[in-house]
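Observations on chain architecture
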Amino acid sequence: WRDAVSSGQVAVTSGDDIPTGARAVASRLGLHAVGVAPVADPGGGGAALVAWFDLPEAAVMEFAHASMELRELLGLALERRHHLSRLDHAVRHDGLTGLLNRSGFLELAAGIGHHAAADAGAVTDDGRVALLYVDLDGFKLINDTHGHDVGDRVLQDVARRLRDSTRDSDSVGRRGGDEF
């Protein structure tokens, strides 16, 4: 059945290659064949519809026909989830540097869900928080002298250096302009 998922084809097979626990439950219910219909996941993961049948011969046509609409609906749901995830990321991250943006940082700092702040390493075991504020001196001169493309590259380089010099559990954000 894993071959069916990787090939993109609907497949029906005996339940012999299915994990023992699932096979035992299906057998008690009189189900002896399993159908697998892969579903495209825009997020890059693998997804499939899986159904058990009591008539292996009839199962192929029945499952192939029934799975077409279900596969389309599941594919749309996965696509929606993927787009919502991308939108959620875009709302909280700076498009230029990839760091938390003002909104994402304020949400983290406000402790919207104290657990989220703790998971991000913003709160220590004893509840203390550390904050380092960085403002680039003379940044306007870089933009005025060399142009915004060069200024953007400077901001990206600073963001990379800040990210590279912090722990994985630390959060780095760009408040706006040249403020990190």
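Computed from a prediction, not measured in an experiment: that's the story for all the values here.

All right, on to the overall build of the protein chain then. The number of helices and strands found in the protein chain is seven helices and three strands. Out of the 180 residues in the protein chain, the part that is buried amounts to 24%. Contacts in the protein chain between residues at least 24 apart in sequence constitute 49% of all its contacts with a sequence separation of at least 6. Accessible area of the protein chain: about 12100 Å², with a carbon and sulfur share of 56%.

Looking now at helix α4 (residues 102–109). Between the side-chain oxygen at the start of α4 and the backbone nitrogen of serine 103 there is a gap of 3.1 Å, and the oxygen is on asparagine 101. One or two residues past the end of α4 sits glycine 111, with phi positive at roughly 70°.

Before going further, it helps to examine the environment of valine 154. For valine 154, the position within the fold is in helix α7 (residues 148–164). When its relative accessible area of 25% is taken as the criterion, valine 154 is described as partly exposed. Along the sequence, valine 154 and isoleucine 142 sit 12 residues apart, while their C-alpha atoms lie 8.7 Å from each other. The contact partners of valine 154, leaving out residues within four places of it in the chain, are Phe139 and Ile142.

With that settled, consider α7. Under the 1.5 Å per step criterion, the end-to-end length of α7 is 24 Å for 17 residues, consistent within 8% with the ideal 24 Å. Three or more residues of α7 are buried, namely Gly151, Leu155, Val158, Ala159 and Leu162. Down the axis, α7 shows its buried residues gathered within 100° of arc, on one side only. Counted as exposed and oriented over 90 degrees from the buried face of α7: Asp149, Arg153, Arg161 and Asp164.

On to the pattern of salt bridges. Counted by the stated rule, this structure contains nine salt bridges. The closest approach of N and O atoms between arginine 167 and aspartate 170, which form a salt bridge, is 2.7 Å. We note a salt bridge from arginine 175 to glutamate 179, for which the minimum N-O separation is 2.6 Å. Residue arginine 175 is classed as partly exposed on the basis of its relative accessible area, which comes to 41%. Through salt bridges with shared partners, one network takes in Asp157, Arg160, Arg161 and Asp164.

Moving on: the side chain of asparagine 143. Looking at where asparagine 143 falls in the secondary structure, it is placed in helix α6 (residues 139–146). A residue is classified by how much of its surface remains accessible, and asparagine 143, at 14% relative accessible area, is buried. Contact partners of asparagine 143, with chain neighbours within four places excluded, come to His148 and Gly151.

Next up on the list: the side chain of arginine 174. By secondary structure assignment, the location of arginine 174 is in the segment after α7. There is a polar contact of 3.0 Å between the side chain of arginine 174 and the side chain of aspartate 94. Ignoring anything within four residues of it in the chain, the contact list for arginine 174 reads Asp94, Leu96, Thr97, Leu99, Leu100, Asn101, Arg102, Leu155, Glu179 and Phe180.

Let us look at the packing of α6 against α7. Remark: α6 packs on α7, axes separated minimally by 7 Å, with the N-to-C direction vectors making an angle of 140°. Here α6 contributes Phe139, Ile142, Asn143 and His146 to the contact with α7, which in turn contributes His148, Val150, Gly151, Val154 and Leu155. The class makeup of the residues in the contact of α6 with α7 is five nonpolar, four polar and no charged.

About the criteria used
- Residues numbered from 1 in each chain as written.
- Predicted model: local features only at pLDDT ≥ 70, side-chain atom pairs only at ≥ 80, totals over all residues.
- Heavy atoms only, no water.
- Helix = DSSP H or I, 4+ residues; strand = E, 2+ residues; numbered from the N terminus.
- Buried < 20%, exposed > 50% of the residue type's maximum accessible area, 1.4 Å probe, protein only.
- Contact = heavy atoms within 4.5 Å.
- Areas by Shrake-Rupley, 256 points an atom, 1.4 Å probe, with all protein chains shown as cover.
- Polar contact = N/O pair within 3.5 Å; in protein donor to acceptor, adjacent residues only side chain to side chain.
- Expected span 1.5 Å × (residues − 1).
- Arc of directions from axis to C-beta.
- Salt bridge = Lys/Arg side-chain N within 4 Å of Asp/Glu carboxyl O.
- Axes fitted to C-alpha atoms, helices over the stretch in contact; angles between N-to-C directions.
- Nonpolar A, V, L, I, M, F, W, Y, C, P; charged D, E, K, R; others polar.

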